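Take a look at the letters that make up each chain.
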Amino acid sequence: MLTLIRKAHLIDPEPLGLHDVLIAGSQIARVEADIDLSGSDVNIIEAEGRWLMPGLVDVLTHPCGGGGEGGFGNRTAELEAADFLRAGITTPVGALGTDSITRRLEVLYGQVMKLRAHGLSALMYSGSYRVPVATLTGDVARDLVLVEPVVGLGELAIADHRSSHPTAAELLRIASDVHLGGTLSGKGGTLFLHVGDARPGLEPIEIALEQSALPRRLFYPTHCNRRAGLLEQSIEHVKQGGFADFTVSTTPEFIEAGEVPALEALRSAIAAGASAERLTFSSDAGGSLPHYVGGELTGLRPARPDSLLDLLRRASGNESHPPADVVAAMTRNPASALKLPRKGRIEPGADADLLLMDPAGAQLNDVFSLGQRLMRNGNVEIPMKQAHEEPRS
Ligand code: ZN
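Residues numbered from 1 in each chain as written. Predicted model: local features only at pLDDT ≥ 70, side-chain atom pairs only at ≥ 80, totals over all residues. Heavy atoms only, no water.

Focus: the overall build of the protein
- Each helix and strand counted, the protein has eleven helices and 19 strands in total.
- A compact globule built from 393 residues should have a C-alpha radius of gyration of about 21 Å, and the protein, at 21 Å, falls within 12% of that.
- Every one of the 393 residues in the protein was classed for burial, and the buried ones make up 54%.
- Considering only contacts within the protein whose residues lie at least 6 apart along the sequence, 70% involve residues at least 24 apart.
- Of the accessible surface of the protein, which amounts to about 16,000 Å², a share of 51% is contributed by carbon and sulfur atoms.
- A distance of 3 Å separates the average location of the 36 positive side-chain charges in the protein from that of its 49 negative side-chain charges. (Helix = DSSP H or I, 4+ residues; strand = E, 2+ residues; numbered from the N terminus. Rg over C-alpha atoms; globule rule 2.2 N^0.38 Å. Buried < 20%, exposed > 50% of the residue type's maximum accessible area, 1.4 Å probe, protein only. Contact = heavy atoms within 4.5 Å. Areas by Shrake-Rupley, 256 points an atom, 1.4 Å probe, with all protein chains shown as cover. Lys, Arg positive; Asp, Glu negative; His and termini not counted. Charge placed at Lys NZ, Arg CZ, Asp CG, Glu CD.)

Next comes the structure, spelled out in structure tokens:
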């Protein structure tokens, strides 16, 4: 099946002017100023100057829910394909959260496969916050080699009161297994690290690197904007060839406690000399955010997948196009951090994961995922039956 998107404002990540994009099956076949297919059987979509962007790649989501840190009552719900599609996320990468006791990798795997059945390019991390890490097959390297959706290990927690405070030797052993699994499977392999508030910050990464010949890009820390000191360490890490991820979901209390807003973190990292190609944004969707009323903790609410699009909207303001550094941090940069060469870009041979947006207010109209139009004029249309559909009478 051929679909031709005509006269779209191509954003990848810079504004590239009006283009026609031809989708053949699940991939992008051609990207040209003018594609004439008159006479052939092709579904034509007139984009009329709307933005055409790559589908978002979100390197930290919790598709089988998260939370539970305030007791069982604060567990958050599973995320469905529609939640991600409305947020423009076509490649969500799932992780277990703090709780790897009542939430299991098998459940995460099932939810990731459900998202795939509903048309998304969902992926997952093996492992857990805690050491010894959870695995599907009994071994991290085996998970990477034998389980197709597994692209790395994460979130493994360091420098956090909820972590198991892995020793340098433990971290090095896990990183080596991820590296071996990534090498054997050809996936690259990533050790995705949740970094908490504790003072050592990224020091454990530096110790592991000193004691090994492992590549720096293997170590991919997240929540790097949670305090200024950690942001500084992350900038150094990126300057030396690593990737760093900033969490977009936030609360006024987090900012008050010293978190650097994600956009500000990105801009100050670039200003300090960090490569704009190795900085990423993630939503932490499904993770729990504390909610306060008058200084009292009243509960937790889940982080939303659409925090990424919200940021894009704010960063775009009334401009004629979204800022390239912000688009890159949600598309090609996370794809390159996880070595997903067909994701996060609009070019022949890439997967047809595309967002059509109305520049007025940066509203998302249409989402294509692997060539399937899963959102049409703001309405999500998933080809598979939903579990919550009413039974037929
Ligand atoms: Zn985390």
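Moving on, there is more to tell.
Overview of the side chain of Gln111
- Turning to its location among the elements, Gln111 is positioned in helix α2 (residues 105-117).
- Using a relative accessible area of 5% as the deciding quantity, one classes Gln111 as buried.
- A distance of 2.9 Å separates a polar atom in the side chain of Gln111 from the backbone oxygen of Leu79.
- In this view, Gln111 contacts Pro63, Cys64, Glu78, Leu79 and Glu80; residues no more than four positions away in its chain are not counted. (Polar contact = N/O pair within 3.5 Å; in protein donor to acceptor, adjacent residues only side chain to side chain.)

Some remarks on the pairing of strand β5 (residues 51-54)
- Note that strand β1 (residues 2-11) and β5 share two bridges and pair parallel. In the strand pairing of β5, Leu10 is matched with Leu52.
- Bridge count for β5 against strand β16 (residues 354-358) is four bridges, and the pairing is antiparallel. Counted as the bridge partner of Leu52 is Leu356 from β16. (Pairing = 2+ DSSP bridges.)

Quick look at the environment of Ile101
- In this fold, Ile101 is placed in the loop between β7 (89-94) and α2.
- With 40 residues separating them in the primary sequence, Ile101 and Ala141 have C-alpha atoms 22 Å apart.

Topic: the domain arrangement of the protein
- The domains assigned to the protein are domain 1 (2-53 + 344-380) and domain 2 (55-337).
- Between domain 1 and domain 2, the contact holds 25 residues from the first and 28 residues from the second.
- When domain 1 packs against domain 2, close to 2,100 Å² is buried across both sides, 66% of that on carbon and sulfur atoms.
- Here domain 1 and domain 2 share six residue pairs in polar contact (both at pLDDT 80 or more) between them.
- The set of elements that each furnish at least two residues to the side of domain 1 that touches domain 2 consists of β5, β16, β17 (363-369) and β18 (372-376).
- Of the residues assigned to the side of domain 1 that touches domain 2, the class counts are 16 nonpolar, five polar and four charged. (Domains from an automatic or database assignment. Buried area = accessible area lost by both parts, 1.4 Å probe. Nonpolar A, V, L, I, M, F, W, Y, C, P; charged D, E, K, R; others polar.)

Comments concerning helix α8 (residues 262-271)
- Listing the buried residues of α8 in full gives Ala262, Ala265, Leu266 and Ala269. In an axial view of α8, the angular spread of the buried residues amounts to 100°, which keeps them on one side of the axis.
- Looking one or two places after α8, you find Gly273, whose phi comes out positive at around 105°. (Arc of directions from axis to C-beta.)

Remarks on the nonpolar core
- Grouped together as the largest cluster of nonpolar side chains are 79 residues, with contacts concentrated most on Leu156, Leu191, Phe219, Phe246, Phe281 and Met357.
- Here this core gathers at least three residues from each of two domains, domain 1 (2-53 + 344-380) and domain 2 (55-337).
- In contact with Met357, not counting residues within four places along its chain, are Arg50, Trp51, Met53, Leu309, Leu312, Ala362, Gln363, Leu364 and Asn365. (Core = buried A, V, L, I, M, F, W, Y, C linked by side-chain atoms within 4.5 Å.)

Thoughts on the packing of aromatic side chains
- Here the structure, examined in full by the defined rule, presents three aromatic pairs.
- Judged by centre distance (5.0 Å) and plane angle (5°), the ring pair of Tyr125 and Phe192 falls under stacked. Of this pair, Tyr125 sits in strand β8 (residues 123-126) while Phe192 sits in strand β10 (residues 191-195), and the two are 67 residues apart along the sequence.
- A relative accessible area of 0% places Tyr125 in the buried class.
- Relative to Phe243, the ring of Tyr220 has its centre 6.0 Å away and its plane inclined at 65°; by these criteria the two rings are edge-to-face. Separated by 23 residues along the polypeptide, Tyr220 in strand β11 (residues 219-222) and Phe243 in the loop between α6 (228-239) and β12 (244-247) bring together distant segments of the chain. (Phe/Tyr/Trp six-rings, centres within 6.5 Å; stacked < 30°, edge-to-face > 60°.)

Quick notes on helix α5 (residues 203-210)
- Along α5, the residues that are buried comprise Ile205, Ala208 and Leu209. Along α5, the residues classed as buried sweep out an arc of 100° about the axis, all on the same side.
- For α5, the elements touching its buried residues are α4 (168-185), β10, β11 and α6.

Topic: the sheet that holds β8
- Taken in spatial order, the six strands make up an open sheet running β6-β7-β8-β9-β10-β11, and their pairing is parallel. The open sheet is flanked by β6 (56-61) and β11, the only strands paired with a single partner. On average, each strand axis in the sheet is inclined to that of its neighbour by 30°, with strand direction left out of account.
- Inspection of the sheet shows strand β9 (residues 150-158) paired to β10 by four bridges, in the parallel sense. Note on β10: the bridge partner recorded for Leu153 is Leu191.
- Along the sheet, α2 contacts β7 and β8; its crossing angle with β8, the most-contacted strand, is approximately 170°. (Axes fitted to C-alpha atoms, helices over the stretch in contact; angles between N-to-C directions.)

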